[in-house]
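# Notes for the structure review
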Amino acid sequence: MKHFTGGLADVDPEIYAALEAETARQRDGVELIASENLVSLATLEAIGSPMVNKTVEGYPGGRYYGGAENADRIESLAIERAMQLFGAGYANVQPHSGSQANLAVFLAFLTPGDTVLSMDLSAGGHLSHGAGPNISGKWFDIAQYGVGADGFLDYDAMAETARARSPKLIIAGGSAYPRAIDLERFRAVADEVGAILLVDMAHWAGLVAAGLHPDPIPVADVVTATTYKNLRGVRGGFILSHRADLSRKLNSAVFPGVQGSVILNAVAAKAVAFREAMKPEFKTYAQGVLDNARALAATLVEREVTVLTGGTDTPLLLVDLRPLGLTGAAASDMLESAGLTANKNGVPDDPESPRVTSGLRFGSSAGTARGLGVDEFTQIGHWIADVLEAMGSGTAEPVTTRIRDAVKALVSRFPIYPA
Ligand code: DSN
């Protein structure tokens, strides 16, 4: 039957062409978006398997649908591997994203109107931690902490706000804060005010797996993360805890609380990523991610680009473009035309709208996955600075043309997926 034999190129040439173009885009440029990575061929095979056809609800051994034996095996393996990799007493691998994982935690512990203390979006927090347009911001009373003038998290202000507002849940972590967070300090504040502590480690889960970042599992009540950033797996979320006693509460918050059926092919691919992250090579990779992010930050600092906090302890760094008189939107467009993809990002006290912003966020996870090292990230730092300088002097186009050719020559030495 043609339905089972026709390839995508024949069945849907438009989608085929767009997918081919995307593979070429990833191949020919340097990916610097901090929430992106390049998964292995094994992971691609898992996510593209006929497991995509299977519907189950519930958890292994307790499904609401038949024919679930292979689904059970896969999800059980994913759970076991997540627990082993992170030394956790509980894991849930069903969240479709980090935001879904966070929403499930809200549902497990809070009722609408309860107070949550989290990092302000403009200081590097995440939408799902209480931003106004998100369900977390609409349905809960959000108290926020931020960063000081030096760009580092203001722990004293965080503690004062916690005392003043008595939150039921405190969240540590975000999506654009580049420094390691003092998790013990958060634990002490949570204990003092009787709050649950949630750590969202989405942007440094790979470093935690490799032992290169302070471990939130023993400290937090609950930890959420995504698999697709520096953990180098597929798009999706998961929840961990050292507290096995929370398993019923958290499981029922994910299903049937905020999700229905399981995306099983994604769960299979998450299991592959957890297995890959247990290998010694992953530790080498994660060290490379950190070294490369630091090399990029150091180069930008040397070129007098303002890097918030002056560096990073994570795979990401944040640049403030205000001293250069540039916006994040204009700079990210110009970098993209030079083959360097990054995202515009708000910075603390940003006068620009979220669609414009005054900052750029860079990450090293994807570049490191294709083999770029400190020398290459140092070169990339110089290219970024060249583009920003040229924008300031109104001479960007010849510079982006020169760099786009140089980027293509560089990445051709670090191939990704075979044709
Ligand atoms: N949380 C968003 C980011 O950090 O880019 C998507 O993963």
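Relevant structure appears above.
Residues numbered from 1 in each chain as written. Predicted model: local features only at pLDDT ≥ 70, side-chain atom pairs only at ≥ 80, totals over all residues. Heavy atoms only, no water.

## Side note on the side chain of arginine 179
Stated formally: Secondary structure elements follow DSSP: runs of H or I no shorter than four residues count as helices, runs of E no shorter than two count as strands, and numbering proceeds from the N terminus. Buried residues are those whose accessible area, probed at 1.4 Å on protein chains only, stays under 20% of the maximum for their type, while exposed residues exceed 50% and partly exposed ones sit between those limits. By the criterion applied in these results, polar contacts are pairs of N or O atoms within 3.5 Å in which, for protein atoms, one can donate a hydrogen and the other can accept it, and in which residues neighboring in sequence qualify only through two side-chain atoms. Contacts are assigned to residue pairs with any non-hydrogen atoms lying within 4.5 Å of each other.
Among the structural elements, arginine 179 can be located in the loop between β7 (169-172) and α9 (183-193). The exposure class of arginine 179 is buried, given its relative accessible area of 13%. A polar side-chain atom of arginine 179 sits 3.1 Å from a polar atom in the side chain of aspartate 313. Not counting residues within four places of it along the chain, the set of residues in contact with arginine 179 comprises Phe152, Thr309, Gly310, Gly311, Thr312, Asp313 and Thr314.

## Remarks on the site of the ligand
Test applied: For this purpose, a residue is taken to be near a molecule or strand whenever a single non-hydrogen atom of the residue falls within 4 Å of it. We get accessible surface area from the Shrake-Rupley algorithm with a probe of 1.4 Å; when it comes to residues, only the shown protein chains can shield them. Under the grouping applied here, Gly and all other residues not named as nonpolar or charged are polar, the nonpolar ones being Ala, Val, Leu, Ile, Met, Phe, Trp, Tyr, Cys and Pro and the charged ones Asp, Glu, Lys and Arg.
Contacts to the ligand come from Ser35, His126, Ser175, His203, Tyr228, Lys229 and Arg361. The side chain of histidine 203 places a nitrogen or oxygen atom 2.7 Å from an oxygen atom of the ligand. With respect to the ligand, the side chain of lysine 229 contributes an N or O atom lying 3.1 Å from an oxygen atom. For the ligand, the protein covers 74% of the area, taking 230 Å² as the surface of the free molecule. Looking at side-chain class alone, the shell around the ligand contains one nonpolar, four polar and two charged residues.

## A few points about empty space enclosed by the protein
We apply this condition: For cavity detection a 1 Å grid was placed over the protein atoms alone, and a set of points counts as a cavity when a 1.4 Å probe fits there but cannot get out; an open set counts as a pocket when protein lies on both sides within 12 Å along at least five of seven lines, with lining residues being those that have an atom within 4 Å of a point. Grid points are joined across faces, edges and corners, and a volume is the space filled by probe spheres set on the points.
With the rule as written, the count across this model stands at three cavities of 30 Å³ or more. If you add up the space inside the largest cavity, you get close to 50 Å³. Lining the largest cavity are Ser122, Ala123, Gly124, Val147, Gly151, Ala176, Tyr177, Pro178, Leu308, Thr309, Leu318 and Pro348. Of the residues assigned to the lining of the largest cavity, the class counts are eight nonpolar, four polar and no charged. The wall of the second largest cavity is formed by Gly173, Gly174, Ser175, Ala176, Tyr177, Ile181, His203, Trp204 and Leu316. Of the residues assigned to the lining of the second largest cavity, the class counts are five nonpolar, four polar and no charged.

## Some remarks on the layout of surface pockets
In this structure, the largest pocket spans a volume of roughly 850 Å³. Lining the largest pocket are 33 residues, with Glu22, Thr23, Gln26, Leu44 and Tyr417 sitting closest to its centre. For the lining of the largest pocket, the elements supplying multiple residues, two or more each, are α3 (13-28), α4 (41-47) and α12 (264-277). Of the residues forming the lining of the largest pocket, the biggest block, nine residues, is contributed by α3.

## A short note on the side chain of glutamate 276
Selection criterion: In this tally, Lys and Arg are treated as positive and Asp and Glu as negative; His is ignored, and so are the chain termini. Counted as salt bridges are all cases of a side-chain nitrogen of Lys or Arg within 4 Å of a carboxyl oxygen of Asp or Glu.
Tracing the chain through its elements places glutamate 276 in helix α12. Salt bridges are absent for the buried glutamate 276, whose nearest opposite-charge side chain, arginine 232, sits at 4.7 Å. Within the structure, the side chain of glutamate 276 is placed 2.6 Å from the side chain of serine 40, a separation counted as a polar contact. Beyond its immediate chain neighbours, meaning those up to four positions away, glutamate 276 contacts Ser40, Ala42, Thr43, Arg232 and Phe282.

## Details of unusual backbone geometry
Residues other than glycine predominantly adopt negative phi, and peptide bonds predominantly adopt the trans conformation. Cis geometry marks the peptide bond from phenylalanine 255 to proline 256; its omega dihedral reads 10°. Considering the arrangement of structural elements, one finds proline 256 in helix α11 (residues 247-258). Here the phi dihedral of arginine 232 falls at roughly 65°; this positive angle occurs in a residue that is not glycine. Positive phi values are uncommon outside glycine, yet aspartate 349 reaches one of about 60°. Relative to the assigned elements, aspartate 349 resides in the loop between β14 (343-345) and β15 (359-363).

## Here's the deal with the nonpolar core
We count it as follows: Residue types Ala, Val, Leu, Ile, Met, Phe, Trp, Tyr and Cys, when buried and joined through side-chain atoms within 4.5 Å, form a set referred to as a nonpolar core.
Of all hydrophobic cores here, the largest spans 60 residues; its most connected members are Phe86, Ile170, Phe186, Met201, Leu231 and Leu240. Ranked by residues supplied to this core, first place goes to helix α5 (residues 69-86) with six residues. Residues in contact with phenylalanine 186, not counting those within four places in the same chain, are Tyr145, Leu153, Tyr155, Met158, Ile170, Ile171, Ala172, Ile181 and Leu197. Counting 36 residues, the second largest nonpolar core, distinct from the first, contains Val319, Leu335, Leu372 and Ile403.

All quantities given are derived from atomic positions and should not be read as evidence of function.
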